Each structure stands twice: as structure tokens, then as C-alpha cells.
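Here are the chains, one letter per residue:
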Amino acid sequence: MRGFSVVGVMLLVGVMACVSHSQVDPALASSDDVQAKLFQEGQIIDVESGRPMAFQGLMDQLADQDVIYLGEEHHHQDHIRNGGKVLQALLGRGRKPALAIEMFAWDGQKGLNDYLSNSDVSREQFLEQARWKQNWGGEFKDYEPLIQYAREHQLPVLAMNPPRRLVQKVAQQGLATAVNDPAMARWGMQNEPIVDDPAYKERIMGQLRQCHGGLSDASYDRIYEASMFRDEGMAKTIVSLLESRENGQGPIVSYTGGGHIQYKLPVPNRVLRRRERSVRQTTIYMASLEPKHPEYIEELIRERIADYVWVTPMSEHGPPRRCR
């Protein structure tokens, strides 16, 4: 990709797939009704009714689902804690959830399995074997509570992402060329159907052009294909896990960036297309409340970005970049 580094490609793919907040509609921002509307940190809003509901009431509804999608702002500690709360609440209802997590890739699954099942594996050994730096990077301590909780309660954890090298190849070469790489066959992606959904494409391409202007059309196309490839790989992981789970075990809790669940287009709809039987699934979009901009939360609800919007304090990293 001329003038665009591999690092730049991967940053763009990550941003567009994982962060998808909104620009402010000027008419909405000037509405006295919206400005007066009070959202509170910790509220869970049922998007269908527009009303807040208690966490326990939400969990009563979620306990019999097949897949619960939690969409986060990356490295946001309140969002990570919310993921732990959902796992704990499901266990408290006699279910045994499985955690499917974006922050690990398929080539780190063996390292994950060893760490979860063997108390003698050290943290350092785990991070090396799970290829943390190669596939995600950043501070593992941010996401460590989720992995530790699963380890302590013997919950299965599935790495959701295709290996980073495969995503890079798509972003650099385009999907039609990249699928011929031998590594694609090794990871079962060479002959996988990658569905180019028009509604998904309109959303992702619009976000790309809005937040990362100045690229060539070919560059946008390749980055879009890399996003589509990742989401299809994540859906493949969830469907494989669904088919291996015994009835009554408990839901799969999918923990990813919010962009992977927005409007159900990226991963949830791909799961539905891949699943031969029906699947009960619910999306929960976690969003920071900026006190000066309550209209952001209002817009997420109005646009029905998910089944539920979980309002949280802002991260210590500040407000997320908004690229919807």
C-alpha cells in the first residue's frame, strides 16, 4: 500500500472495527429536551423502550441467551469490570458461560488453554505463548481481570481474532490475493465465505472516510476488506463454539470493541448467516457519558446501535474518538 505502513494499516483496521461512536447531529445537540435529559453512570437503557432497567433484571433476561455481545471502548476499566459482572451473574444463576474475547488471536489459543488449565504456567510464559504482543499489545493488566476470573472459575476462553499476519495480508494485498496465501488454508480461512453485506459496507466505509481522509480508493477498499475478514473470522469462532457447547451450559459472552457489534452488522449478523439453527443473541453497547455531551448517548439509543446501551463513566484515557 503506497505511502501507508503496515503499522498504519493495522491501526486503521483496529480503529474502524472497534471504535464507532457518533458525531453530533446539530439539530439533536440544540434540542432543549435532549440537553435536559439526565443520563446517569451505571444506567442500562433498554433501547426498545428507551427506559433504564436494573442490572439484575437484565441478567434475568440474558441467562437463557446463546450469545451475549458486550461492546467496549478499549482499555476502559469500567467496561472490563462490567464484563466480569456479567460472567459472575451468569455463574450465580447456575450457568457456565464461555468467554470469547477479541484481545487474543487463534495462534494464541494453545497458550490460553495451557494457562487456564495449569496453575504452574506463569504470567510471563502465558503472555509469550499466547502471543499477546504480536496480536494485541498494550497493557495486558487492563484485561487481566477477565482472564483471571475465567481461570479461577474454570471457564473456557476462546480467542476470537484471526492471526494478525492474515489480517495484515488482506489490508496490504486485498482479499482476492491474500486468500491464496498458504497460511489462509492452515487457519481454515481460504475457502470461507466472506459476505460483503451492503449495509455493513456502507457503515464501515463511511466511518473510514469520515475519520481517515486522504487515502486512495484502493486503500479504503483493502482496509475495508481487512475489517470484513476480521469480523467473519470472529463470527466463525463463535459459531464453532456454539456447536461444541452442550445444551444448558450457559451463554457465550463475546467481549469485543463496540464497533464489532454496532447495529448487529459486523459479527452478530454473520453468526446468524453461518448458524444452521436459530440463535438467541443480545447486544450490549457500553458507552462513556460525557457530562457536556449527553446527546451522544441519546443518539446511540435513537439509532438503536444495540439492544441495550450501558452508560459508564469516562475512561481515564478520556473520551473515545467518535467515528460513526
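Conventions we followed
Residues numbered from 1 in each chain as written. Predicted model: local features only at pLDDT ≥ 70, side-chain atom pairs only at ≥ 80, totals over all residues. Heavy atoms only, no water. Helix = DSSP H or I, 4+ residues; strand = E, 2+ residues; numbered from the N terminus. Buried < 20%, exposed > 50% of the residue type's maximum accessible area, 1.4 Å probe, protein only. Areas by Shrake-Rupley, 256 points an atom, 1.4 Å probe, with all protein chains shown as cover. Salt bridge = Lys/Arg side-chain N within 4 Å of Asp/Glu carboxyl O. Arc of directions from axis to C-beta. Contact = heavy atoms within 4.5 Å. Pairing = 2+ DSSP bridges. Axes fitted to C-alpha atoms, helices over the stretch in contact; angles between N-to-C directions. 1 Å grid on protein atoms, 1.4 Å probe; cavity = no way out; pocket = protein on both sides within 12 Å on 5 of 7 lines; lining within 4 Å. Points joined across faces, edges and corners; volume = space filled by probe spheres on them. Nonpolar A, V, L, I, M, F, W, Y, C, P; charged D, E, K, R; others polar. pLDDT = per-residue confidence, 0-100. Parallel < 35°, antiparallel > 145°, perpendicular 65-115°, else oblique.

For the protein, the count of helices and strands is 16 helices and 8 strands. Here the protein, with 324 residues, has 56% of them falling under the buried criterion. Surface exposure of the protein reaches about 14200 Å², of which carbon and sulfur atoms provide 47%.

Turning our attention to the pattern of salt bridges. On inspection of all chains with the given rule, the structure shows 17 salt bridges. Between R280 and D66 there is a salt bridge, with its nearest N and O atoms 3.2 Å apart. A residue pair is termed long-range when its members are at least 10 positions apart, and R280 in the loop between α15 (268-274) and β7 (281-288) and D66 in the loop between α4 (55-62) and β3 (67-72) qualify at 214 residues. When salt bridges with common partners are traced through the structure, they connect E192, E232, K236, R270 and R274 into a single cluster.

This part is about α4. Restricting attention to buried positions, one finds in α4 the residues F55, L58, M59 and L62. For α4, the angular spread of the buried residues around the axis is 95 degrees, confining them to a single face. Check the buried side of α4 and you find it contacts β1 (44-46), β2 (51-53), β3, α5 (77-92), β7 and β8 (308-312).

This paragraph deals with the sheet that holds strand β5 (residues 157-161). The strands making up a sheet associate through hydrogen bonds between their backbones, and the pairing can be parallel or antiparallel. Strands sit in the order β2-β1-β8-β7-β3-β6-β4-β5 across an open sheet of 8 strands; the sheet is mixed. Each end of this open sheet is capped by a strand with a single partner; those strands are β2 and β5. Neighbour-to-neighbour, the strand axes of the sheet open up by a mean angle of 30 degrees, direction not taken into account. Direction of pairing for β7 relative to β8: parallel, over a ladder of 5 bridges. Note that in β8 the partner of M286 across the bridge is W310. The strands touched by α4 are β1, β2, β3, β7 and β8; relative to β2, the strand with the most contacts, the crossing angle is about 85 degrees.

Looking now at the pairing of β5. For a regular strand, side chains alternate in direction, first toward one face of the sheet and then toward the other. For β5, a buried count of 4 out of 5 residues is recorded, marking the element as mostly surrounded by other parts of the structure. Of the pairings in the sheet, the one linking strand β4 (residues 98-105) to β5 comprises 4 bridges and is parallel in character. Within β5, the position partnered with L99 by the bridge is V157.

Glancing now at the layout of surface pockets. A volume near 280 Å³ is recorded for the second largest pocket. Grouping the constituent residues of the lining of the second largest pocket by class yields 3 nonpolar, 6 polar and 9 charged.

Looking now at the pairing of β7. Most of β7 is tucked away, with 8 of its 8 residues classed as buried. The side-chain alternation of β7 yields two buried faces, one formed by Q281, T283, Y285 and A287 and the other by T282, I284, M286 and S288. Direction of pairing for β3 relative to β7: parallel, over a ladder of 5 bridges. When the bridges of β7 are listed, Y69 appears paired with T283.

What follows is about the confidence of the model for the protein. Where the model shows low pLDDT, its predicted coordinates should not be examined in detail. Mean pLDDT for the protein: 89, with 88% of residues reaching 70 or above. Throughout residues 1-9 the model reports pLDDT below 50, and contacts reaching past four residues in sequence, or to other chains, amount to 13 contacts. Counting interchain partners and residues more than four positions distant, the pLDDT-below-50 stretch residues 21-36 has 34 contacts.

Here α5 crosses helix α9 (residues 140-152) at 10 degrees, and the two axes come no closer than 8 Å. In terms of axis orientation, α5 runs roughly parallel to α9. Counted together, Q77, I80, G83, G84, L87, Q88 and L91 of α5 and D142, Y143, L146 and Y149 of α9 form the full contact between these two elements. For the contact of α5 with α9, the class distribution of residues is 6 nonpolar, 4 polar and 1 charged.

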